[in-house]
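# Geometric and topological summary
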Amino acid sequence: MTYDAGNVFARILRGEIPCGKVHETAMSLAFHDINPQAPTHVLVIPKGAYVSWADFSAKASEAEIVDFVRAVGEVARMVGAEAPGYRLLANHGPDSHQEVPHLHVHVFAGRPLGPMLKRPG
Ligand code: 5GP
């Protein structure tokens, strides 16, 4: 899948639209989800142009991967979610219902999060 530089997270990275910044590193940015689905719902994105986990895991440099994985862990610590617990989620492609075509990891926390996936039917 070709990267669409007009996607909303690319626009956030360019400073064209605002975000509620939580954390920033050399290669990653974390901000509050605009439509939170838990008391804490933060999105962590790499600054590089990667569509999804598939793209990032295949093409990102080791420095980008280390920075991003550490940023996700640091965000969970910063929001106080390490002791009570949190959930990470990254959607890839149509079956996952990925809406924004720039890799993002959702960090959910702040309440018991229930079953991992909605059961069919
Ligand atoms: P996806 O379904 O692609 O995994 O999740 C996309 C997420 O991006 C959704 O949870 C949605 O609420 C969030 N989102 C979409 N547009 C914006 C925006 O302009 N700003 C922020 N902060 N979050 C957004």
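First things first, this report covers the structure right here in the doc. The structure presented is a predicted model; accordingly, all values stated were derived computationally and were not measured. (Residues numbered from 1 in each chain as written. Predicted model: local features only at pLDDT ≥ 70, side-chain atom pairs only at ≥ 80, totals over all residues. Heavy atoms only, no water.)

## As for the pairing of strand S1 (residues 21-24)
Let me state the cut-off plainly: Criterion used throughout: strands pair if DSSP finds at least two bridges between them. Numbering of helices and strands runs from the N terminus; a helix is a DSSP stretch of H or I covering at least four residues, while a strand is a stretch of E covering at least two.
Where S1 and strand S2 (residues 28-32) come together, 3 bridges link them in antiparallel fashion. Note on S2: the bridge partner recorded for His 23 is Ala 30.

## Observations regarding the nonpolar core
We count it as follows: Put simply, buried Ala, Val, Leu, Ile, Met, Phe, Trp, Tyr and Cys residues joined by side-chain atoms within 4.5 Å make one nonpolar core. A simple rule labels every residue: compare its accessible area, found with a 1.4 Å probe on the protein chains alone, to the largest value its type can have, and call it buried under 20%, exposed over 50%, or partly exposed in between. Here, residues are in contact when the closest pair of their heavy atoms is within 4.5 Å.
Counting 14 residues, the largest nonpolar core has Val 44, Phe 68 and Val 75 as the members making the most contacts within it. Only strand S3 (40-46), helix H3 (62-78) and strand S5 (105-109) provide two or more residues apiece to this core. Examining the composition of this core, we find that 4 residues originate from one element, H3, more than from any other. Setting aside residues no more than four positions away along its own chain, Val 75 makes contact with Val 22, His 23, Ala 30, Val 42, Val 44 and Val 107. Of all hydrophobic cores here, the second largest spans 7 residues; its members include Leu 29, Phe 31, Leu 43 and Val 100.

## Considerations on the site of the ligand
We count it as follows: Each residue is tested against the molecule or strand, and it is near if at least one of its non-hydrogen atoms lies within 4 Å. In protein, a polar contact means a hydrogen-donor-capable atom and an acceptor-capable atom, both N or O and within 3.5 Å, with residues adjacent in sequence counting only if both atoms are side-chain atoms; elsewhere, any N or O pair within 3.5 Å suffices. For this classification, the nonpolar set comprises Ala, Val, Leu, Ile, Met, Phe, Trp, Tyr, Cys and Pro, the charged set comprises Asp, Glu, Lys and Arg, and every other residue, Gly included, is treated as polar.
Surrounding the ligand, one finds 17 residues, the nearest of these being Asp 33, Asn 91, Glu 99, His 104 and His 106. Asp 33 has a polar side-chain atom sitting 2.5 Å from an oxygen atom of the ligand. Taking Val 100, its main chain carries an N or O atom lying 3.0 Å from an oxygen atom of the ligand. Listed by contribution, the elements that provide at least two residues to the shell around the ligand are helix H1 (8-13), S2 and S3. Split by residue class, the shell around the ligand holds 7 nonpolar, 8 polar and 2 charged.

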